[in-house]
Amino acid sequence: MLSNFLQKQQYNCVRNFTSRSAERIVKQQLQEIRNAGTWKAERIINTQQSALIGVEGTYNKVLNFCANNYLGLSNSPELMQAAKDTIDSHGLGLSSVRFICGTQNIHKKLESMIAKFHRMEDTILYSSCFDANGGLFEGFVDPVKSKVAILSDALNHASIIDGIRLSGKAKRYRYNHIDMKDLENKLIQAQDQEVRIITTDGVFSMDGDVAPIEKICDLAERYDSVVMVDESHATGFFGKTGRGASEFCNVLDRVDLINSTLGKALGGSSGGFTVGKKCYIDMLRQRSRPYLFSNTLAPAVVGASIKVFDILLKSTELRDQLEKNTLYFREKMTKAGFDILAGEHPIIPIMLYEGKLANEFADEMLKRGIYVIGFSYPVVPKGEARIRVQISAGHTKEQLDKAIDAFVEVGKLKGCLKK
Ligand code: PLP
């Protein structure tokens, strides 16, 4: 009895001691984040995701120009109905990973539709593209049995960087952003490895710039390398038929592996995938840890995603509308005198350069009913603060005009229009 009591006392003592130290240290570190001005706060939306949203703390609805809702499908009645129907037919979830008892006919159907869309051999689904990237590099070839080199663009997404970190024995090379000379040098250095994989974002999310995938494929052929492109900011809408940056660069048939997300243009819920040659996908099903050790994709998400690919395989109407909206916004804003990074992508960086100005600009925009976000260091390099606008096929011309008018008004107020 007594020893039980003493043991409990000792346990409580240790627990309190560790939690008190941790709390003090964590609180101090949180304060440092606040002091550095890099605290990330969340605005709370109380409606569905859409071009027009309700935001807590604002009286009227505001126009949303900062979602990855490129095709305007995040609250599509057709997709929401497909999700509801799939809950009815296939339930809430599988309570299992894929290879134990987590694969339904709809998962196989979605995988084959994605492969058909990308004109590839097979697909493997993940709970997110973060997981797809996390599971790729260690998974697609065994780096213990074979000598592997991974060559990665310096500005690749965090999930690619983390995936490479998990690649164990693979030799890692980071080439300067879209610098083909540097990539070639690194490929030459990597010739002593048996397998080389070049990995790049198709479209880089901060600038909306496109990777030179054609040149990457040329180098891959010359130096016997696999090419993997992350098409998260391109699948469904970029390129003539929405097949992504690989299509935009005319190399659809030369890219070996594509990773992408179901959580942006394709309905905006969640989920990711790797699509490519069957042997690579077969290997990922054997070795990829987020696939082997994480729950299967929820049926509602799968049902809605099947509907998305159904739509995309039949028509380019939505991506055509998005292209039209993007051109219109880019043209009008450039004419108005804003400094905009050139390009054709619906990510449109309005360059303001100073972080404080970018934040104040975004606040003024919200007062005028336009929801945009200022990006500053460390999210973008020092001195390159901006407002990142994201255009959607769901924006009407009136909504685009309202945003442009607000930009011009605030631009004049803040003195950031070119004469
Ligand atoms: N890859 C890129 C290029 C991204 O921009 C993102 C999301 O921000 C991801 C991967 C992760 O996608 P998901 O939200 O499906 O995890």
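Predicted, not measured: the structure shown is a model, and the values here were computed from it.

This paragraph deals with the packing of aromatic side chains. Taken as a whole and judged by the stated rule, the model has ten aromatic pairs. Judged by centre distance (6.2 Å) and plane angle (25°), the rings of F65 and F329 are stacked. With a gap of 264 residues between them, F65 in the loop between β2 (62-64) and α2 (77-90) and F329 in helix α13 (residues 317-335) connect regions that are remote in the sequence. No difference in accessibility class separates F65 from F329, as the two residues are buried. Aromatic side chains F238 and F248 sit 4.5 Å apart centroid to centroid with 20° between the ring planes, which places their arrangement in the stacked category.

A few words on α2. In this model, α2 (14 residues) spans 20 Å end to end at C-alpha, consistent with the 20 Å of a helix rising 1.5 Å per residue. Of all the residues in α2, the buried ones are L79, A82, A83 and T86. Projected down its long axis, α2 carries its buried residues within an arc of 100°, all on one side. For α2, exposure combined with an orientation more than 90 degrees from the buried face picks out P77 and D88.

What UniProt calls "domain: Aminotransferase class I/classII large" (unreviewed entry) maps, in this numbering, to residues 61-407. Counted over residues 61-407, helix gives 43% and strand 17%. Its end C-alpha atoms are 18 Å apart.

What follows is about the site of the ligand. Close contacts around the ligand come from 13 residues, with C129, D230, H233, T261 and K264 the closest. Residue C129 places a main-chain N or O atom 2.8 Å away from an oxygen atom belonging to the ligand. In this structure, D230 approaches the ligand through a side-chain N or O atom, which is 2.6 Å from a nitrogen atom. In the complex, 81% of the free accessible area of the ligand, which totals 390 Å², lies under the protein chains. Considering every element that reaches the shell around the ligand, the biggest residue donor is helix α5 (residues 129-139), with three residues. Considered class by class, the residues forming the shell around the ligand number two nonpolar, eight polar and three charged.

Okay, the pairing of strand β3 (residues 122-126) next. Across the five residues of β3, five count as buried, placing the element largely inside the fold. With burial as the criterion, each face of β3 is covered, one bearing D122, I124 and Y126 and the other bearing T123 and L125. As defined by bridge partners, β3 adjoins strand β9 (residues 272-276) across five bridges and the pair is classed as antiparallel. Opposite I124, over in β9, you have T274 as the bridge partner.

Looking now at the pattern of salt bridges. Here the idea is simple: oppositely charged side chains can pair when their charged atoms come close. Under the criterion given, the structure shown has 27 salt bridges. One salt bridge in this structure joins K356 and E360, with 3.1 Å as the shortest N-O distance. Of this pair, K356 and E360 both sit in helix α14 (residues 355-367), four residues apart, which is roughly one turn of the helix. Among the ionic pairs, R386 bridges to E384, the shortest N-O distance being 3.5 Å. A relative accessible area of 1% places R386 in the buried class. Among the charged side chains, a salt-bridge network with shared partners connects R98, K108, E111, D122 and R285.

Glancing now at the side chain of R386. One can find R386 in strand β13 (residues 385-390). Here M206 takes part through its backbone oxygen, which lies 2.7 Å from a polar atom of the side chain of R386. Dropping the residues within four chain positions of it, R386 is found in contact with M206, D207, L341, P349, I350, M351, L352, A358, I373, G374, F375 and V380.

About the criteria used
- Residues numbered from 1 in each chain as written.
- Predicted model: local features only at pLDDT ≥ 70, side-chain atom pairs only at ≥ 80, totals over all residues.
- Heavy atoms only, no water.
- Phe/Tyr/Trp six-rings, centres within 6.5 Å; stacked < 30°, edge-to-face > 60°.
- Helix = DSSP H or I, 4+ residues; strand = E, 2+ residues; numbered from the N terminus.
- Buried < 20%, exposed > 50% of the residue type's maximum accessible area, 1.4 Å probe, protein only.
- Expected span 1.5 Å × (residues − 1).
- Arc of directions from axis to C-beta.
- UniProt positions renumbered as here; feature names shortened; annotations may be inferred.
- Near = heavy atom within 4 Å.
- Polar contact = N/O pair within 3.5 Å; in protein donor to acceptor, adjacent residues only side chain to side chain.
- Areas by Shrake-Rupley, 256 points an atom, 1.4 Å probe, with all protein chains shown as cover.
- Nonpolar A, V, L, I, M, F, W, Y, C, P; charged D, E, K, R; others polar.
- Pairing = 2+ DSSP bridges.
- Salt bridge = Lys/Arg side-chain N within 4 Å of Asp/Glu carboxyl O.
- Contact = heavy atoms within 4.5 Å.

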